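Descriptive analysis of the structure
For reference, the chains in residue letters:
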Amino acid sequence: MSLPEVLLWQRLRGRKAGVKFRNQHPVGPYVVDFYCRESRLIIEVDGEVHNRGDRPMRDETRDIFLRENGYNVMHVPAADILKDADDVAASIASLAARPLHHRPSADGPPPRAGEDLQ
């Protein structure tokens with residue numbers, strides 16, 4: 001792991017964020033930096049290498065695969081972790097505890113007017 005990944009892992013491991021995270025976890029054909037099964041949240045730490053060559057295109061392809069398979073993907077710049085790893089970890093913990101988007105439930109409430117599924 002890179003230094004920013006190590007700093008973040010120190011703050012996420014052992015349920016320090018209130019939910020369990022795994023590091024370097026396989027998801028389909030990919031290995032993601034951090035994964036929280038409870039919220040289906042994937043955290044990717046993006047260093048400078050993510051801006052070079054074909055890497056942005058490869059990252060986008062991976063993100064499309066992950067989102068199409070029901071995962072939420074959060075990208076965190078490595079520089080942000082180096083500046084304030086505690087703040088980044090707190091933001092991740094908040095998102096993992098209360099994800100912004102949930103998959104619709106078959107037994108959930110019916111759609112509101114104008115939101116009918118066709």
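Structure first, text after, so check above.
Let me sum up the structure you'll find in this document. Only a predicted model underlies this, so the values are computations on that prediction, with no experimental measurement involved. (Residues numbered from 1 in each chain as written. Predicted model: local features only at pLDDT ≥ 70, side-chain atom pairs only at ≥ 80, totals over all residues. Heavy atoms only, no water.)

As a further point, take the overall build of the protein. Counting its secondary structure elements, the protein contains 3 helices and 4 strands. When the helices and strands of the protein are placed in sequence order, the string is α-β-β-β-α-β-α. A burial count over the protein gives 33% of its 118 residues as buried. Pairs at least 24 residues apart make up 53% of the contacts formed inside the protein by residues separated by at least 6 positions. Total accessible area on the protein stands at roughly 7800 Å², and carbon and sulfur atoms take up 51% of it. (Helix = DSSP H or I, 4+ residues; strand = E, 2+ residues; numbered from the N terminus. Buried < 20%, exposed > 50% of the residue type's maximum accessible area, 1.4 Å probe, protein only. Contact = heavy atoms within 4.5 Å. Areas by Shrake-Rupley, 256 points an atom, 1.4 Å probe, with all protein chains shown as cover.)

Okay, the pattern of salt bridges next. If the charged atoms of two oppositely charged side chains come close together, the side chains can form a pair. Overall, the coordinates contain 5 salt bridges when judged by the stated rule. Its salt-bridge partner being aspartate 86, residue arginine 11 comes within 2.7 Å of it at the nearest N-O pair. With arginine 11 in helix H1 (residues 3-12) and aspartate 86 in helix H3 (residues 78-97), the pair connects residues that are 75 residues apart, well separated along the chain. Classification of arginine 11 by relative accessible area gives partly exposed; the value is 26%. The shortest N-O distance in the salt bridge between arginine 15 and glutamate 38 comes to 3.3 Å. Of this pair, arginine 15 sits in the loop between H1 and strand E1 (22-27) while glutamate 38 sits in the loop between strand E2 (30-36) and strand E3 (41-46), and the two are 23 residues apart along the sequence. Through salt bridges with shared partners, one network takes in Glu44, Asp59, Arg62 and Asp63. (Salt bridge = Lys/Arg side-chain N within 4 Å of Asp/Glu carboxyl O.)

Turning next to the sheet that holds E1. Spatially, E1-E2-E3-E4 is the arrangement adopted by the 4 strands of the open sheet, whose pairing is mixed. Each edge of the open sheet carries a strand with a single partner, namely E1 and strand E4 (72-77). Across the sheet, the mean angle from the axis of one strand to that of its neighbour is 45°, orientation sign disregarded. For E1 and E2, the ladder comprises 5 bridges, and the chain directions are antiparallel. Bridge assignment links arginine 22 to a residue of E2, and that residue is tyrosine 35. Across the sheet, helix H2 (residues 55-68) touches E1, E2, E3 and E4, and the angle it forms with E4 is around 145°. Lying on the sheet, H3 is in contact with E2, E3 and E4; it crosses E4 at an angle near 155°. (Pairing = 2+ DSSP bridges. Axes fitted to C-alpha atoms, helices over the stretch in contact; angles between N-to-C directions.)

Before going further, it helps to spend a moment on the pairing of E2. In terms of burial, E2 is largely enclosed, as 5 of its 7 residues are buried. One ladder, built from 3 bridges, connects E2 with E3; its direction is antiparallel. Residue pairing across strands places phenylalanine 34 opposite isoleucine 43, the latter belonging to E3. The turn joining E2 and E3, which pair antiparallel and follow one another in sequence, is formed by 4 residues; a positive phi near 55° is taken by arginine 40.

Our next topic: the nonpolar core. Grouped together as the largest cluster of nonpolar side chains are 20 residues, with contacts concentrated most on Leu8, Leu12, Phe21, Phe34, Ile43 and Ile92. Top contributing element to this core by residue count: H3, with 8 residues. Once residues lying within four places of it in the same chain are set aside, the contact partners of phenylalanine 34 are Glu5, Leu8, Trp9, Leu12, Phe21, Arg22, Asn23, Leu41, Ile42, Ile43 and Val45. One finds Val27, Val32, Ile42 and Leu66 within the second-largest nonpolar core, a separate group that totals 7 residues. (Core = buried A, V, L, I, M, F, W, Y, C linked by side-chain atoms within 4.5 Å.)

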